[in-house]
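Residue-level listing of the chains:
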Amino acid sequence: MGTEAYGISTGKLLAAQVELPRRHRHSVALAVKHSLRYLLLTVMAVVVLFPIYITVVNSLLSASQIAHRPPIFFPLHPDWGAYATAFREAYLGIYLRNSMIVAVGIVVGQVATALLAGYAFALVRFRLKPLLFTLTLATLMVPMEATIIPNHQTIVTFGWFNSYEALIIPFLASGIGIFLFRQVFLQLPKDLIEAARLEGYGHWRFLWKVGIPLNRPLIGAFALFSFLGAWNQYLWPLVVTQTNSVRTVQIGLDQLESVGIDHINVIFAGTVLAALPIFILLVVFQKQLVRGLGTGALKG
Amino acid sequence: MTPAAGPFLEAQAPSPDAARVKGLIAHAGTRRRRLEAATGYLMILPALAVFGVFVFYPLARAIWEGFYETPPFPTEPSRFVGGHQYASVITSSAFLESLWRTVLYVVMTVPIGIVLGVALAILANRKIRGIRIYQTIFASTIATSTAVASVIFFTLLNPEVGLFSYWLGIHGGTGVLGSPTLALPAVAVVSIWQNLGFTFILFSAALLAVPEELMEAARIDGASTWLRVRQVIMPLLSPTLFFATVIGIIGAFQAFGQIDLLTKGGPANHTMVLIYYLYETAFVNDNPGIASVMSVVLFAILGILTYVQFRVVQRRVFYGN
């Protein structure tokens, strides 16, 4: 590889003996390195992808085909029956609808409250600002799991047990979202703010007409992460829901496990359906995802 | 006030109107400041209301309830026992064992997860033909939730029909997830796999920030791959490594879904990590008193970790980069 750096190297001697042009020898080494990289990449890709691949394959097989040995890796005659069963008997449609309602509700709420609070903390003058901002940051230190017992009791007291309210309202504010939006509003050019004020823009109009349009990409990235978090929640929905009418798909998967081995293909189909919306979302918004991670501590 | 004339961004120089407006503002100073403050409070009110009801109040209440012993029968009132319950729970062997298992779980998941994530990111950080496909595959597990990943592996590890069980030569019996020695490592493998997509994207994004000239210079220098990784890439990745380590530990402490779906804390408590013990105590055994003590401990551990991380990240954002 790098032996040429030390004058006459074994590599050079070897090259002279075999009488290969130096350039050629170099390209052979490069080709070997290249193939090695591809080999490693491919092996790792197979390992990483295998659980997802076999889940999709098994969702298209019958239960007896899944139990067949040697295993079947290619569904030559795909059978979509498991998907129909998942919708008909395992309430998958209802679970997915519930998850969608809850996740969209949380995203819209978090973006709205975070934009308002982030703006106020950045550009509006009021006395208790430092204290209230410190409190906002302090919420980042409180994991949801640590407050789950009193929160469960609060939900029961409010009469929200087993309802969308229980799944959405506790998550309508995001400390990390407020922090993030405050940062971007602080970075708005002073001239811009001054000019807007001279044009008679109040805070509300400035936020709506300038602040939000200018930061659309970041808002999008935050919304994406917020959706991921909301869609994937497990513990809280488990604790505050009781019936299929409001259960989210993550909890629904637990119910699915109980359909038994005879319907193991239905479990696989349900799993594919639970992951599909996120998969589509990520493929469509790949750029926002990477950008979001680039801006730092988005995952709260 | 004057309506905006023309596109907003063109208003560079103050118009004659502006001077008049400025004068008015000076006169209406106090009133204007009050109005501004009211606007500020109104804007943060929705977020603060949610924080008040669902973060601060329950936190205070959890700390408070730790002082009250839950009676054996729900009809009796709970009894104030002061710090006694905190002391007895924290020193109980069940609690310490759950904490120890959580630490084991952290040790099993975080280092391996990060090493794999970094390795894949470095491997795929080259503009070669077809690399996008590999990148997409490595990132793909980010689309799987904890529940999805757990159900996939639960089914593949099923001792009767699971493919992995078949490959491992297991048929019938308790299987991997029912084995006292293998259950926790198996849960760890599921978590590592599920988080790999996130870690890969995280480090890929960090590698994008490494100047290409630096990598080239190291290559021309004749540095071997390993040397290049150790002396050029790693120092530049260190903030991301720190970030990934801390959120990895926090995530491992919060690992609930995988335990619930794969082992339910079993066999014989071998996967009874702190968060699952808390859940069982609160919602299965109906003892909010003891569970509140565990909540407070969980808050203390994760709160400190988050604080440290936030301070370090903040320093990097504001003074470095």
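Note: the structure precedes this text.
None of these values were measured; they are calculated from a predicted model. (Residues numbered from 1 in each chain as written. Chains lettered and ligands numbered in written order. Predicted model: local features only at pLDDT ≥ 70, side-chain atom pairs only at ≥ 80, totals over all residues. Heavy atoms only, no water.)

The next thing to look at is the overall build of chain A. Each helix and strand counted, chain A has 16 helices and zero strands in total. Counting only residues that meet the buried cut, chain A has 53% of its 300 residues in that class. Contacts spanning at least 24 positions in sequence make up 73% of the contacts within chain A whose residues lie at least 6 apart. Within the structure as shown, chain A displays about 14300 Å² of accessible surface, and the carbon and sulfur contribution to it stands at 67%. (Helix = DSSP H or I, 4+ residues; strand = E, 2+ residues; numbered from the N terminus. Buried < 20%, exposed > 50% of the residue type's maximum accessible area, 1.4 Å probe, protein only. Contact = heavy atoms within 4.5 Å. Areas by Shrake-Rupley, 256 points an atom, 1.4 Å probe, with all protein chains shown as cover.)

What follows is about the interface of chain B and chain A. Across the boundary between the two partners, chain B contributes 107 residues, which contact 109 residues of chain A. Between chain B and chain A the total buried area reaches about 9300 Å² when both faces are included, carbon and sulfur atoms providing 76% of it. At the boundary of chain B and chain A, one finds zero salt bridges. Viewed at the interface, chain A and chain B are joined by 13 residue pairs in polar contact (both at pLDDT 80 or more). Considering each element in turn, the side of chain B that touches chain A owes the most residues, 24 residues, to helix α2 (residues 29-65) of chain B. A class-by-class count of the residues in the side of chain B that touches chain A yields 76 nonpolar, 20 polar and 11 charged. (Buried area = accessible area lost by both parts, 1.4 Å probe. Salt bridge = Lys/Arg side-chain N within 4 Å of Asp/Glu carboxyl O. Polar contact = N/O pair within 3.5 Å; in protein donor to acceptor, adjacent residues only side chain to side chain. Nonpolar A, V, L, I, M, F, W, Y, C, P; charged D, E, K, R; others polar.)

Pairs can form between side chains of opposite charge whenever their charged atoms are close. Residue and element names in this part refer to chain B. Within the structure shown, the criterion is met by five salt bridges over all chains. When the shortest N-O distance is used, the salt bridge between E65 and R61 registers 2.9 Å. Of the two residues, E65 and R61 are both situated in helix α2; the distance of four residues between them amounts to about one turn of the helix. Residue class for R61 comes out partly exposed when judged on its relative accessible area of 24%. The salt bridge partner of R101 is E97, with a shortest N-O separation of 3.2 Å. In this pair, R101 and E97 both sit in helix α4 (residues 93-123), four residues apart, roughly one turn of the helix. Using a relative accessible area of 13% as the deciding quantity, one classes R101 as buried. E97 gets classed as partly exposed once you look at its relative accessible area, which sits at 40%.

What follows is about the packing of aromatic side chains. Inspection of every chain in the model, using the stated rule, returns 32 aromatic pairs over all chains. By way of ring pairs, the aromatic residues F50 and F73 of chain A together with F153, F164, W167 and W193 of chain B are connected into one cluster. When the ring centre of Y166 of chain B is taken as reference, the NZ or CZ atom of R69 of chain A above it lies at 4.6 Å. Taking the ring centre of F133 of chain A as reference, the NZ or CZ of R182 of chain A above it sits at 4.1 Å. (Phe/Tyr/Trp six-rings, centres within 6.5 Å; stacked < 30°, edge-to-face > 60°. Lys NZ or Arg CZ within 6 Å of the ring centre and 35° of its normal.)

Within the secondary structure, F222 of chain A sits in helix α12 (residues 216-232). Taking the C-alpha atoms as reference, F222 of chain A lies 9.3 Å from Q110 of chain A; in sequence the two are 112 residues apart.

As a further point, take the packing of helix α14 (residues 249-257) of chain A against helix α15 (residues 264-284) of chain A. For any two helices packed against each other, the geometry comes down to the angle between their axes and how far apart the axes lie. All names here are of chain A. One way to put it is that α14 packs onto α15 with a least axis distance of 10 Å and a crossing angle of 175°. In this view, α14 runs roughly antiparallel relative to α15, as classed from their interaxial angle. Contacts from V249, L253, L256 and E257 of α14 reach α15 at V266, I267, G270, T271 and A274. Split by residue class, the contact of α14 with α15 holds six nonpolar, two polar and one charged. (Axes fitted to C-alpha atoms, helices over the stretch in contact; angles between N-to-C directions. Parallel < 35°, antiparallel > 145°, perpendicular 65-115°, else oblique.)

As far as function goes, none of this settles anything; it's purely spatial.
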